Amino acid sequence: MTTLKMAAHLSYGRVILNNLREAARKELREFLDKCEGSKAIVWDEYLTGPFGLIAQYSLLKEHEVDKMFTLKEGRLPAADVKNIIFFVRPRLELMDIIADNIRCEDRLHGPHRDFHILFLPRRSLLCEQRLKEQGLLVNITHIDEYSLDLIPFDSDLMSMEAESAFRLVANMMLRMKREFAGSQNQILPVFDKLLLLDRNVDLLTPLATQLTYEGLIDEIYGIQNTYVKLPPEKFAPKKQNESGRDLPTEPKKLQLNSAEELYAEIRDKNFNAVGSVLSKKAKFISAAFEGRHNAKTVGEIKQFVSQLPHMQAARTSLANHTSIAELIKDLTASETFFDNLTVEQEFMSGIDTDKVNSYIEDSIAQQEPLIKILRLVCMQSVCNNGLKQKVLDYYKREILQTYGYEHILTLNNLEKAGLLKPQTSTRNNYPTIRKTLRLWMDDINEQNPNDISYVYSGYAPLSVRLTQLLARPGWRSIEEVLKMLPGPHFDERQQLPSGLHKKRQQGENRVTLVFFLGGVTYAEIAALRFLSQMEEGGTEYIIATTKLINGTSWIKSMMDKLEPSLF
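Residues numbered from 1 in each chain as written. Predicted model: local features only at pLDDT ≥ 70, side-chain atom pairs only at ≥ 80, totals over all residues. Heavy atoms only, no water.

(A) Representation of the overall build of the protein. The helix and strand tally for the protein stands at 21 helices and twelve strands. Among the 567 residues that make up the protein, the fraction classed as buried is 47%. Taking the contacts inside the protein whose residues are at least 6 apart along the sequence as the reference set, 77% of them involve residues at least 24 apart. Total accessible area on the protein stands at roughly 30000 Å², and carbon and sulfur atoms take up 52% of it. (Helix = DSSP H or I, 4+ residues; strand = E, 2+ residues; numbered from the N terminus. Buried < 20%, exposed > 50% of the residue type's maximum accessible area, 1.4 Å probe, protein only. Contact = heavy atoms within 4.5 Å. Areas by Shrake-Rupley, 256 points an atom, 1.4 Å probe, with all protein chains shown as cover.)

Structure representation (structure tokens):
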């Protein structure tokens, strides 16, 4: 697949995100050209996934990159190159590994190589100081930074893929506005409005099981930098060795984005609406292939042959997504999935949130996965504005006795994050928030939805409902509810320099950038895309985030274990 094709899906829409990708590629080329001669790149492994969305190996090869290695302690693999470039995050522990690599290289080959460090996304004085303390800063020819802040994932989606989220940046933005007063560039803004949403405002949504097609793929298999790895048995026939035993097969790796026509059509649908689309598509493709029998003239045959590559790609795409849908259906049709979802929906609709839940009790007794337990307990806590002390103590005791006392740190982290907490007030604000913002809808149409609540089969993500109400009728209509949500809220208007007021075309939508600080789920993205497509909405949404998350990855990021005792 060519680079041009890879980026085609980023080149349409009101905001061309491919421009961002091209700017990042240009900056990379300029850095590589500073390091004259043959090169080997040593990668901080975490960066390879996000980086692959910006540049493939072909681009690196054009700029004399001959070898690529993963950063690890000890000597580097043999490479007859002039330059060794470390692509790393600004982490102190990584500096120690780089120091170890350089020492090994100098011992083996002498100082005939040039070492370079490229920090992503920011250069770090602390890291440079660490290298200086080890006496190795003088060995490094060139240190630079590569400001890969926002990575385009799709035509309307960007992510920083930052592991640890930061808190609201509004104060920083206002300070910059004051500092740069009068010196702004005379550039027409791309966005009409920026909405910053701190994840703390809506702790509930990521805990719920996503019920869109893309959301369920992420829940079950985990989507990493637009790629998913799937069990091979649905995609390839089993191979056997000479003795008739099954040989292990590699997982099926697929890229998922809007470049694939069928995926763009079904990814944001509720999973219960996907089957009928796949069925219609199968009939359409079958009829298209049957059309070859009707081609009689040379012209008709030539036209059919010209359409063949597209038809074959469509058939492969259909086969892949039919297989994925079957895999998902095996899980969603199970009693375990249904029981878990029932409890989630009871909590979200306000049923029995104030007492020990028997399903959670039974799940702990059966030693179900700890993350499943933590998601449910945290959901109950959030929907009840904290748990009664005796309920919280009971859950903690059961979890620690069943899964091990090393998880006391995890529980502590969840408390710090506000996900698991004792009830400090007798008043539970969640029912008021739920009712005022219409977070729970009993009558939902999963096939042809008319509300964002379809993404969770009844629950409307609080974050997206706030976004919807901001556009119309405005937040003044929900002032009392906003006071119940954590953290400050504010509305800041930026005055455009004279002469930069854009004349809006008739019927042209406004463009709002919604930036999630602390992560966003695929279900929330689907809900925002739904709002973009509403004819009466009048707003098109572009999504940016610090990280793409789901309930499992989110809880995992807060899981900690005590170091094993040495005695």
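(B) Structural view of the sheet that holds strand 1 (residues 39-43). Pairing in this open sheet of five strands is parallel, and the strands run 2-1-3-4-5 from one edge to the other. The sheet is open, and its two borders are formed by strand 2 (65-70) and strand 5 (140-145), each paired with just one other strand. The average undirected angle you get between the axes of adjacent strands in this sheet is 20°. Summarising the sheet, strand 1 and strand 2 pair through five bridges and their orientation is parallel. Bridge assignment links Trp43 to a residue of strand 2, and that residue is Thr70. Most of the contacts of helix 2 (residues 18-34) go to strand 5, to which it runs at about 170°, and overall it touches strand 1, strand 2, strand 3 (83-88), strand 4 (114-119) and strand 5. (Pairing = 2+ DSSP bridges. Axes fitted to C-alpha atoms, helices over the stretch in contact; angles between N-to-C directions.)

(C) Summary view of the sheet that holds strand 6 (residues 151-154). Spatial ordering of the open sheet is given by 6-7-12-11-8, a layout of five strands whose pairing is mixed. Where the open sheet ends on each side, the last strands, each with one partner, are strand 6 and strand 8 (193-198). Along the sheet, successive strands turn relative to each other by an average axial angle of 25°, direction set aside. Judged from the three bridges that link them, strand 6 and strand 7 (residues 157-159) form a sheet pairing that is antiparallel.

(D) Main features of the nonpolar core. Residues Phe51, Phe87 and Leu466 are the most contacted members of the largest nonpolar core, which totals 124 residues. The element that contributes the greatest number of residues to this core is helix 14 (residues 370-383), accounting for ten residues. Setting aside residues up to four positions removed in sequence, Phe87 forms contacts with Leu28, Phe31, Ile41, Val42, Trp43, Asp44, Leu47, Phe51, Leu118 and Leu120. Leu71, Ile84, Ala99 and Cys127 belong to the second-largest nonpolar core, a separate cluster that totals 24 residues. (Core = buried A, V, L, I, M, F, W, Y, C linked by side-chain atoms within 4.5 Å.)

(E) Expanded view of the confidence of the model for the protein. Residues with a pLDDT of 70 or more make up 87% of the protein, whose mean pLDDT is 87. Note on residues 1-5: pLDDT under 50 across the span, and five contacts to partners over four residues away in sequence or across chains. Contacts for the low-pLDDT stretch residues 563-567, under 50 throughout, to residues beyond four places or in other chains number zero contacts. (pLDDT = per-residue confidence, 0-100.)

(F) Examining the pairing of strand 11 (residues 510-517) more closely. The element strand 11 is largely enclosed, with a buried count of seven among its eight residues. Of the pairings in the sheet, the one linking strand 8 to strand 11 comprises six bridges and is parallel in character. Bridge pairing links Leu196 to Phe515 in strand 11. As judged from the seven bridges shared by strand 11 and strand 12 (residues 539-545), these two strands associate in the parallel manner.

(G) Examining the packing of aromatic side chains more closely. According to the stated counting rule, one finds eleven aromatic pairs in the structure shown. Relative to Phe51, the ring of Trp43 lies with its centre 4.7 Å away and its plane at 65°, an arrangement referred to as edge-to-face. Accessibility assignment for this pair places Trp43 and Phe51 in one class, buried. Three or more aromatic residues joined by ring pairs make a cluster, and in this case those are Phe31, Trp43, Phe51, Phe87 and Tyr146. The ring of Tyr227 is capped by Lys253, whose NZ or CZ atom sits 4.9 Å from the centre of that ring. (Phe/Tyr/Trp six-rings, centres within 6.5 Å; stacked < 30°, edge-to-face > 60°. Lys NZ or Arg CZ within 6 Å of the ring centre and 35° of its normal.)

(H) Quick look at the side chain of Gln468. Note that Gln468 resides in helix 18 (residues 462-471). Since its relative accessible area comes to 18%, Gln468 is described here as buried. If we ignore the near neighbours within four places in the chain, the residues touching Gln468 are Ile452 and Leu531.

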